[in-house]
Amino acid sequence: MAGTDHGQEVNPNNLSEEEEEIVTGMGSYKGKVRMVKGDPSDEMMLLWGLQQPTFSKPNAFVSQSSLNLSIDACGRCISISQSPSSLGTPGVTGSVMWDSGIVLGKFLEHAVEKGLLVLQGKKVVELGAGCGLAGCIAALLGSQVILTDMPDRLRLLKKNIEDNLYGDVRGCATVNELTWGDRPDPELVEPLPDFVIGSDVIYSEEAVTDLLETLVDLSGTETTIILAGELRNDAVLECFMEAAMEDFIIGRVDQSGWHPDYRSPRVAMYVLVKKLDSTVTAC
């Protein structure tokens, strides 16, 4: 890797127990990550102890009662339509923005600006895209993005893409229905994506197995997964970590690697790369 600013790149598949806990370069992300190894309950204790999410203000970057949310990114003002009235429907959370979605989108922009990610010309699949902010930002950064969600979530998603990806856009975006656990459509896996991204997709233990099955289906050994999530329930995140460690190598991106104006103690971000041999294991 050219330059010395980011240290020597490490292949996570070759890590030993004696390696430093913090490494530089995981998958296609060239920044620093803190490796998650051993008992996932240790990661939960560390994370909740360091960030103390319950003592900080929720929804610091969003207003879920508004019909529209505006955010500056990639040299333009992105206007995201929301549907607050749908938030009360059981199981429907993607009708409004959450802090983790803002954090993820601005992280992508910041990492590209710092040379830690290259998204130009890359295939990106967003899971549980909801209102579509992160996918829109990825397209503005030059990616060929497929934003996915459940069938009843696609209308709002399509509207936000049409409203924001106009004029001179470096990349492109399309919308595709995807239910976790189902076989992905050919356009999602042929070829396999360079990146899979998602915000607030780890929300219930019941969904973990289906989510991981989909992540395995969408990932090759050259795929980099970036997930940001709200820190609500340590048991759910621990369940995901325990199951995911069977199939993926996992590293946490400390907040020092995020966009400096979009950091929240209520959000965590992880990078995952697929192990050479993987099978889905329920927690």
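You'll find the structure just up there.
The rules we used
- Numbers given to residues run from 1 along each chain, matching the order in which its sequence is written.
- Local features in this predicted model are restricted to residues of pLDDT 70 or higher, and side-chain atom pairs are both shown and tallied only at a pLDDT of 80 or more, whereas totals for entire chains, interfaces and linings draw on every residue.
- Side-chain numbers here rest on the full set of heavy atoms in the structure, without hydrogens or water.
- Each residue is assigned to one of three classes by its accessible area relative to the maximum for its type, calculated with a 1.4 Å probe on protein chains only: buried under 20%, partly exposed between the two thresholds, exposed over 50%.
- Labels follow the DSSP assignment, with helices taken as runs of H or I lasting at least four residues and strands as runs of E lasting at least two, numbered in each case from the N terminus.
- Should DSSP find at least two bridges between two strands, the strands are taken to pair.
- When the strands point away from the viewer and the connection leading from the first strand across the helix to the second strand turns clockwise, the crossover is called right-handed.
- The salt bridge criterion pairs a side-chain nitrogen of Lys or Arg with a carboxyl oxygen of Asp or Glu, the two atoms within 4 Å.
- Note on definitions: angles span 0 to 180 degrees between N-to-C directions of axes, and those axes are lines fitted to C-alpha atoms, for helices only across the stretch in contact.
- Relative orientations are named as follows: roughly parallel for angles under 35 degrees, roughly antiparallel for angles over 145 degrees, roughly perpendicular for angles from 65 to 115 degrees, and oblique for any other angle.
- When the near helix sits turned anticlockwise from the far one by under a right angle, the crossing is termed left-handed; a clockwise turn instead gives a right-handed crossing.
- Contact definition: two residues touch when any of their heavy atoms are within 4.5 Å.
- Note on ring pairs: Phe, Tyr and Trp rings are taken, using the six-membered ring of Trp, and paired if centres are within 6.5 Å. Classes follow the plane angle, with under 30 degrees stacked, over 60 edge-to-face and the rest tilted.
- Note on geometry: a ring has a charge over it if NZ (lysine) or CZ (arginine) is within 6 Å of the ring centre and within 35 degrees of the ring normal.

Draft legend 1. Spotlight on the pairing of strand 8 (residues 195-199). Taking burial as the measure, the 5 residues of strand 8 include 5 buried ones, the bulk of the element. Note that strand 5 (residues 123-127) and strand 8 share 4 bridges and pair parallel. Paired with Val125 across the two strands is Val196, which belongs to strand 8. Both strand 8 and strand 9 (residues 224-230) contribute to a ladder of 5 bridges, which runs parallel. Following the sheet pairing, Ile197 is matched in strand 9 by Ile226. Taken together, strand 8, helix 6 (residues 205-218) and strand 9 form a β-α-β motif whose crossover is right-handed.

Draft legend 2. The arrangement of the pattern of salt bridges in detail. For the coordinates displayed, the defined rule picks out 9 salt bridges. In this structure, Arg153 engages Asp149 in a salt bridge whose closest nitrogen and oxygen atoms are separated by 3.9 Å. Comparing Arg153 with Asp149 shows no difference in burial state: the two are buried. Linked through salt bridges whose partners overlap, the residues forming this network are Glu21, Arg34, Glu43, Arg252 and Asp254.

Draft legend 3. Main features of the packing of helix 1 (residues 40-51) against helix 7 (residues 234-244). Contact pair helix 1 / helix 7: the axes reach a minimum separation of 9 Å and the direction vectors enclose 140 degrees. On the basis of their axis angle, the class for helix 1 and helix 7 is oblique. In the crossing of helix 1 with helix 7, the sense of the turn from one axis to the other is right-handed. In this structure, helix 1 contributes Pro40, Ser41, Met44, Leu47 and Trp48 to the contact, and helix 7 contributes Asp234, Leu237, Glu238, Met241 and Glu242.

Draft legend 4. A look at the pairing of strand 5. Strand 5 sits mainly inside the fold: 5 of its 5 residues count as buried. Both faces of strand 5 are covered, namely the face carrying Lys123, Val125 and Leu127 and the face carrying Val124 and Glu126. One ladder, built from 4 bridges, connects strand 5 with strand 6 (residues 144-149); its direction is parallel. For Val125, the partnering residue across the bridge sits in strand 6 and is Ile146. In this fold, the crossover linking strand 5 to strand 6 by way of helix 3 (residues 133-140) has right-handed handedness.

Draft legend 5. Structural detail: the packing of aromatic side chains. According to the stated counting rule, one finds 3 aromatic pairs in the structure shown. Look at Trp180 and Tyr203: their rings are 6.1 Å apart centre to centre, the planes differ by 35 degrees, and that puts the pair in the tilted class. Of this pair, Trp180 sits in the loop between strand 7 (172-177) and helix 5 (186-189) while Tyr203 is found in the loop between strand 8 and helix 6, placing the two residues 23 residues apart along the sequence. Overall, the relative accessible area of 47% leaves Tyr203 in the partly exposed class. A cation sits over an aromatic face here: Arg76 above Tyr166, 4.6 Å from the ring centre. Directly above the ring of Trp98 sits Arg232, whose terminal nitrogen or CZ lies 4.7 Å from the centroid.

Draft legend 6. Summary view of the sheet that holds strand 2 (residues 29-36). An order of 1-2-10-11-9-8-5-6-7 is seen for the 9 strands of this open sheet, with the pairing classed as mixed. Strand pairing shows two members of the sheet lacking a second neighbour, strand 1 (22-26) and strand 7, which therefore form its edges. Pairs of neighbouring strands in the sheet enclose a mean axial angle of 30 degrees, with direction left out of account. Against the sheet, helix 1 engages strand 2, strand 10 (248-252) and strand 11 (267-274), with an angle of about 150 degrees to strand 11. Contacts from helix 6 reach strand 5, strand 8, strand 9, strand 10 and strand 11 within the one sheet, and its direction differs from that of strand 5 by about 175 degrees.

So, to be careful, I would describe these as geometric facts and stop short of saying anything about function.
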